[in-house]
Amino acid sequence: MACSSMVKLNAAASSWIGGQQSFNQRSGSACRLPSRRVSVIRAGSYTDELVQTAKSIASPGRGILAIDESNATCGKRLASIGLDNTETNRQAYRQLLLTTPGLGEYISGSILFEETLYQSTTDGKNFVDCLRDENIVPGIKVDKGLVPLPGSNNESWCQGLDGLASRSAEYYKQGARFAKWRTVVSIPCGPSALAVKEAAWGLARYAAISQDNGLVPIVEPEILLDGDHPIERTLEVAEQVWSEVFYYLAENNVVFEGILLKPSMVTPGAEHKEKASPENIAKYTLTMLKRRVPPAVPGIMFLSGGQSEVEATLNLNAMNQSPNPWHVSFSYARALQNSVLKTWQGHPENVEAAQKALLIRAKANSLAQLGKYSAEGEGEDAKKGMFVKGYTY
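In this text, all values refer to a predicted model and were calculated from it rather than measured experimentally. (Residues numbered from 1 in each chain as written. Predicted model: local features only at pLDDT ≥ 70, side-chain atom pairs only at ≥ 80, totals over all residues. Heavy atoms only, no water.)

Notes on the nonpolar core
Put simply, the rule is: Buried Ala, Val, Leu, Ile, Met, Phe, Trp, Tyr and Cys residues form a nonpolar core when they are joined through side-chain atoms within 4.5 Å. The buried label applies to any residue whose accessible area, calculated with a 1.4 Å probe on protein chains only, is under 20% of its type's maximum; exposed applies above 50%, and partly exposed to all values in between. Under the scheme used here, helices are H or I runs from DSSP no shorter than 4 residues and strands are E runs no shorter than 2 residues, and both carry numbers assigned from the N terminus.
In this structure, Tyr206, Phe246, Leu249, Leu261, Phe302, Tyr332 and Trp344 are the most contacted members of the largest nonpolar core, which totals 107 residues. Per-element tally for this core: the top contributor is helix α10 (residues 231-251), with 12 residues.

Here's the deal with the packing of aromatic side chains
Worth spelling out the cut-off: Aromatic rings from Phe, Tyr and Trp, with only the six-membered ring used for Trp, were paired whenever their centres fell within 6.5 Å, and each pair was classed as stacked if the ring planes differed by under 30 degrees, edge-to-face if by over 60, and tilted otherwise. Our definition puts a charge over a ring when NZ of Lys or CZ of Arg is within 6 Å of the ring centre and also within 35 degrees of the ring normal.
Considering all chains together, one arrives at 8 aromatic pairs under this definition. An angle of 25° between the planes, with centres 5.4 Å apart, marks the rings of tryptophan 181 and tyrosine 206 as stacked. Of this pair, tryptophan 181 sits in strand β6 (residues 178-185) while tyrosine 206 sits in helix α9 (residues 193-212), and the two are 25 residues apart along the sequence. Taken individually, tryptophan 181 and tyrosine 206 each receive the classification buried, so the pair is uniform in this respect. Ring plane angle 75° and centroid distance 4.9 Å describe the contact between tyrosine 247 and tyrosine 248, whose orientation is recorded as edge-to-face. Taken together, the aromatic side chains of Trp201, Tyr247 and Tyr248 make up a single cluster linked through ring pairs. Across the ring face of tyrosine 172, the terminal group of arginine 177 is positioned such that the distance to the ring centre comes to 3.6 Å.

A look at the packing of helix α12 (residues 309-319) against helix α14 (residues 351-369)
When two helices pack together, their arrangement is given by the angle between their axes and by how far apart the axes lie. Note the threshold: Where helices are involved, their axes are fitted lines through C-alpha atoms of the stretch in contact, as for all axes, and angles between N-to-C directions lie from 0 to 180°. Each angle gets one of four labels, with under 35 degrees taken as roughly parallel, over 145 as roughly antiparallel, 65 to 115 as roughly perpendicular, and the rest as oblique. Throughout, a crossing is termed right-handed when the near helix is turned clockwise from the far one, and left-handed when it is turned anticlockwise from it by less than a right angle. For this analysis, residues touch if any pair of their heavy atoms sits within 4.5 Å. Basically, the charged four are Asp, Glu, Lys and Arg, the nonpolar ten are Ala, Val, Leu, Ile, Met, Phe, Trp, Tyr, Cys and Pro, and anything else, Gly included, counts as polar.
Where α12 contacts α14, the axes come no closer than 7 Å and their chain directions differ by 20°. Viewed along their axes, α12 and α14 adopt a mutual orientation that is roughly parallel. Considering how the two elements wind past one another, α12 and α14 form a crossing that is right-handed. Where α12 abuts α14, its residues Glu309, Thr313, Leu316 and Asn317 lie against Arg361, Ala364, Asn365, Leu367, Ala368 and Gln369. Classifying every residue of the contact of α12 with α14 by side-chain character gives 4 nonpolar, 4 polar and 2 charged.

Considerations on the pairing of β6
Here is the rule: At least two DSSP bridges between two strands are required for those strands to pair. When the strands point away from the viewer and the path from the first strand over the helix to the second turns clockwise, the crossover is right-handed.
When you tally the buried positions in β6, you get 8 out of 8 residues, the bulk of the element. In β6, alternate side chains face the same way, and those of Phe178, Lys180, Arg182 and Val184 on one face and Ala179, Trp181, Thr183 and Val185 on the other are all buried. The pairing of strand β3 (residues 137-141) with β6 spans 3 bridges and is classified as parallel. Counted as the bridge partner of glycine 139 is phenylalanine 178 from β6. Strand direction decides the pairing type here: β6 and strand β7 (residues 216-223), joined by 8 bridges, are parallel. Considered in β7, the bridge of phenylalanine 178 is made with valine 216. Crossover connection from β6 via α9 to parallel β7: handedness right-handed.

With respect to the confidence of the model for the chain
Cut-off, in case you're wondering: Confidence of the predictor at the level of single residues is captured by pLDDT, which takes values from 0 to 100.
For the chain, mean pLDDT is 88; residues scoring 70 or higher make up 85% of the total. A low-confidence stretch, residues 1-38 (pLDDT under 50), is modelled with 50 contacts involving residues beyond four sequence positions or located in other chains.

Observations regarding the sheet that holds β3
Around the barrel, 8 strands lie side by side as β1-β2-β3-β6-β7-β8-β9-β10; this closed barrel has parallel pairing. Looking at chain direction, strand β1 (residues 63-67) and strand β10 (residues 327-332) are connected through 2 bridges and run parallel. Of the residues in β10, the one forming a bridge with leucine 65 is tyrosine 332. With respect to the sheet, α14 is in contact with β1, β2 (107-112) and β10, its orientation differing from that of β10 by roughly 155°.

Regarding the pattern of salt bridges
Side chains that differ in charge, positive against negative, can pair when their charged atoms come close. Using the following cut-off: The term salt bridge refers to a side-chain nitrogen of Lys or Arg lying within 4 Å of a carboxyl oxygen of Asp or Glu.
The tally for this structure, following the rule as stated, stands at 15 salt bridges. Two residues, arginine 177 and glutamate 49, come together in a salt bridge whose shortest N-O distance is 3.4 Å. With arginine 177 in the loop between α8 (164-174) and β6 and glutamate 49 in helix α3 (residues 47-57), this residue pair connects regions lying 128 residues apart in the sequence. With a relative accessible area of 27%, glutamate 49 lands in the partly exposed category. A salt bridge links arginine 182 to glutamate 222, with the shortest nitrogen-to-oxygen separation between them at 2.7 Å. Residue arginine 182 is found in strand β6, and its partner glutamate 222 is found in strand β7; the two are separated by 40 residues along the sequence. Taking the relative accessible area as the measure of exposure, arginine 182 reaches 5% and is therefore buried. When salt bridges that share partners are traced, they join Asp68, Lys180 and Glu220 into one network.

This is the structure:
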């Protein structure tokens, strides 16, 4: 079949989910390239604002505080310090985080759960306004979680596209200016071509809808740490996943200058017999990014994925030892919050100490973004890994 015919067929079938064949053996993929050359990126009414918002978040020495855990996951965090999962306790913990004085020096954006976006402090001040006062951009988690993917190798897909446009418009009115959608890819499960394509297509549709409603989309296909595979296998899968993601982002006319990425670092599987050094992780991760991510993308905001607080910071620091085409920073949840929870313990008298613990971790990662971090003086708790097999948000 002629390559031009293949392009037409691929364009017509871009929303069709493929079969179980390995994505390393997909037929006709090389013939899709010409379709990218004729794609036209349509500037929307929010384009200039999206670009400015993305640049603001990807600012030197700053990164993202992710506190978008679902109520159920937040409940697990609270249970670890003996607190019940009530709205009052969730509000108290999030107030501790979002009212930390001086947080904006190190944090440029914060991803919120829907409940938090509409909450206020006990004094009646909207959390959104607390963030704005620190020059922190409010963000919102918009996906509806993972569910089993029929026809796959026991894999998942992310739901939430239904009604996303209207929800995004409401989130924008409430003050959110960027969004997050997390889907996952499992190496022990294959991954199958079906799962990779579904992840990439879902992310692309979400990104286009977000931009159409004024929200900068964070694109996050998390490659889970689960497994005993070597770092070379993670690199192979990451390259395939990001290739697919950017193909569909282009197909959906997403403005690359108005997005941010939240990738996994390229590491061995959590159960692999050999640990990789920060230098090796940086080498493999940057290799993958340079092969797959256009320089038009303003920021790479890594997820921690269950690494210890110190590991996540050391690895980020190693990636910033030489200039990169993009702002290389962090979007951490557990790797910023673990010490905070242990310090707070749910006691009002510990709030100030817990906020200081947050600033210590935020400053450490700020230094890592600038390539100036040293682990000297870090406590043992900060070095403990937080990997949970099959972790869900």
